[in-house]
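Analysis of the macromolecular model
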Amino acid sequence: MKKYSIFAIARNARTHHENWERAWRSPDPKPHYDVVIIGGGGHGLATAYYLAKECGITNVAVIEKGWLGGGNTGRNTTIVRSNYLWDESAALYDHAVRLWEGLSDELNYNVMFSQRGLLHLAHNVHDMQEIGRRGNSIYMNGIDSEFLSPEQVKEMVPIINLNCRYPVMGGLLQRRGGTARHDAVAWGYARAADAMGVDIIQNCEVTGFKIEGGVVKGVETTRGSIGAGKVGVVAAGHSSVVAEMAGFRMPLESFPLQAFVSEPMKPIVDCVIMSNAIHAYISQSDKGELVIGGSGDPYISYSQRGSFDQIEHVVGPVLELYPIFSRVRMLRQWGGITDVTVDRSPIMTKTPVENMFFNCGWGTGGFKATPGSGHVFAHSIAKGEMHPVAAPFSMDRFHTGALIDEAAAAAVAH
Amino acid sequence: MFLVKCPWCGWRDQTEFSYGGEAHIARPLEPGQISDQEWGDYIYTRTNTKGIHAERWVHTQACGRWFNALRHTVTDVMWDSYKMGEDAPTPPKDWDGLTCCDDHKKLAEGAKK
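Residues numbered from 1 in each chain as written. Chains lettered and ligands numbered in written order. Predicted model: local features only at pLDDT ≥ 70, side-chain atom pairs only at ≥ 80, totals over all residues. Heavy atoms only, no water.

1. With respect to the overall build of chain B
Helix and strand content of chain B: two helices and six strands. Overall size of chain B, expressed as C-alpha extent along the three principal axes, is 60 × 35 × 25 Å. Contacts in chain B between residues far apart in sequence, at least 24 positions, make up 45% of those at least 6 positions apart. Only carbon and sulfur atoms are counted for the fraction: they give 50% of the accessible area of chain B, which is about 6500 Å². Averaging the coordinates of the 14 positive side-chain charges in chain B and doing the same for the 17 negative ones gives two points 6 Å apart. (Helix = DSSP H or I, 4+ residues; strand = E, 2+ residues; numbered from the N terminus. Contact = heavy atoms within 4.5 Å. Areas by Shrake-Rupley, 256 points an atom, 1.4 Å probe, with all protein chains shown as cover. Lys, Arg positive; Asp, Glu negative; His and termini not counted. Charge placed at Lys NZ, Arg CZ, Asp CG, Glu CD.)

Here's what the structure looks like:
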């Protein structure tokens, strides 16, 4: 892998930028790998990267049924934060934020991580009580967290209308929160993992598993059988489908969640603003587009579309809060399939099949955790035991009752 | 963004309805006799089908009655609904998930003519 730098740009300018090496190879699958990762999104690629880098396991394949980062990695609203209520979540999501902080350097790939601040609005007494409890809890976990008065909110976001149908009574600010470039995260991890020998195999859909005596031995795919010592499934919205192939069911339901971007415009919002009560979060990309997300559809679906009435539920409150956007035109709208657990916390777990691990259930907010999730999941696969940070997120919690209830901090009211 | 067939009111827009999750999940008859694993499965584990899904709906904005329905979760087209307590209808094996039962019948009749 040739290092990206200002000198590389100068060198390649001499040849009219025609000789840049490909960011990663497109190899044919080998007959056997020590670890096969199913799912070439951010979490899967990060898992492969940390397996190679920190666990010394380089005989790894990432298999992806479509193209890299074409699922939820390319469909989210790119928000990064760690303002969660419970200790388990704080440990996991802040681990991710700390990795985000050094990620561009580490990968030699600009993931455009921008800690522009993440502001969570409160519109009523219940919201104020919720941010009061959560804000203090976050602070106690050593994560930055500040309460803002409506005046301070106005100072930070001058375009906001404080006295609208959704009056702003206060806000919870995490200054270390922000956004990152979602595609770059997938591409950066893919390039760095590939350089250490990880095979990234696209257009390769899993059709079944080879399981002998309760131990996974390999994966059947549309590009033939691939032997595997261990299998890590990071299939997001399709986790239940993959689990069914392996013969068990998951405590998951898949819902479409949509997002949209506006036409590009001059800088006007320099932080991320979100709100539980009114299902709308908004930020502005470096390209100038407003990136807007809202709530999921209320029924399970794999349609990757999302319904029109949900758009209205999001756009209405956005215009109440920011009337200045009333004539902004929307450019694109899309949907992703989010695998949601009942406690809105992810599942990182061993499964009834020996040597098969699942990392799923990130629901509506997996992007922010990409580096942390990949890091602890890689260590869990390598060791065969869940990493201490990942252990509380095991599937066992759905029958022991030790749920990690983050429905409020999910920032999309469920 | 699709139509739901209420057994009493007919085809209406989905926004008139509320979704009630997977259908036909029976509460264990003797909760005290089963393991934590089985109880957890009953409460939390779902089939989450990609394909034909049996699910509950309630016509919140109109008659207020609950019913079951079969819907294709890739195309979001509902095949048919049926009353609580009735057996689920069986869509044809070659159903592509693109037409509802009524349209399917009309198309079949048209083909005969």
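Read on, since the account is not over.
2. Remarks on the overall build of chain A
Helix and strand counts for chain A stand at 11 helices and 18 strands. Relative to the compact-globule value of 22 Å for 414 residues, chain A shows a C-alpha radius of gyration of 21 Å, a close match. Along the longest, intermediate and shortest principal axes, the C-alpha atoms of chain A span 65 × 65 × 40 Å. A burial count over chain A gives 60% of its 414 residues as buried. A separation threshold of at least 6 residues defines the contact pool for chain A, and within that pool the share at least 24 residues apart is 76%. Carbon together with sulfur atoms contributes 53% to the accessible area of chain A, which is approximately 16500 Å² in total. A gap of 5 Å separates the mean positions of the 37 positive and 41 negative side-chain charges of chain A. (Rg over C-alpha atoms; globule rule 2.2 N^0.38 Å. Buried < 20%, exposed > 50% of the residue type's maximum accessible area, 1.4 Å probe, protein only.)

3. As for the interface of chain B and chain A
The interface is formed by 23 residues belonging to chain B together with 25 residues belonging to chain A. Carbon and sulfur atoms supply 55% of the area that chain B and chain A bury against each other, a total of about 2200 Å² over both sides. It is Met1, Tyr44 and Asn48 of chain B that lose the most area in chain B upon contact with chain A, and together they represent 34% of the buried surface on that side. Our count for the contact surface shared by chain B and chain A stands at one salt bridge. With a closest N to O distance of 3.8 Å, Asp76 of chain B and Arg305 of chain A form a salt bridge. (Buried area = accessible area lost by both parts, 1.4 Å probe. Salt bridge = Lys/Arg side-chain N within 4 Å of Asp/Glu carboxyl O.)

4. Topic: the sheet that holds strand β4 (residues 52–58) of chain B
All names here are of chain B. Read from one edge of the open sheet, four strands run β3-β4-β5-β6, paired in antiparallel fashion. Each end of this open sheet is capped by a strand with a single partner; those strands are β3 (18–22) and β6 (78–82). With direction set aside, neighbouring strand axes in the sheet form an average angle of 30 degrees. (Pairing = 2+ DSSP bridges. Axes fitted to C-alpha atoms, helices over the stretch in contact; angles between N-to-C directions.)

5. Description of the pairing of strand β6 (residues 170–174) of chain A
Residues and elements named next belong to chain A. Along β6, five of the five residues are buried, which leaves the element largely enclosed by surrounding structure. Bridge analysis of strand β4 (residues 118–122) against β6 gives five bridges, and the strand direction is antiparallel. Its bridge partner being in β6, Leu121 is matched across the sheet by Gly171.

6. Thoughts on the nonpolar core
All names here are of chain A. By size, the foremost hydrophobic cluster in this structure holds 51 residues, and its most contacted members are Trp100 and Tyr189. Those elements that provide at least two residues to this core are β1 (32–38), α2 (42–54), β2 (60–63), α3 (87–101), α4 (103–107), α7 (182–195) and α10 (370–383). Non-local contacts of Tyr189, meaning those with residues more than four positions away in its chain, are made with Gly42, Leu45, Ala46, Tyr49, Tyr50, Leu103, Leu107, Thr370 and Pro371. If you look at the next biggest cluster of nonpolar residues, it comprises 29 residues, including Phe209, Ala243, Val353 and Met356. (Core = buried A, V, L, I, M, F, W, Y, C linked by side-chain atoms within 4.5 Å.)

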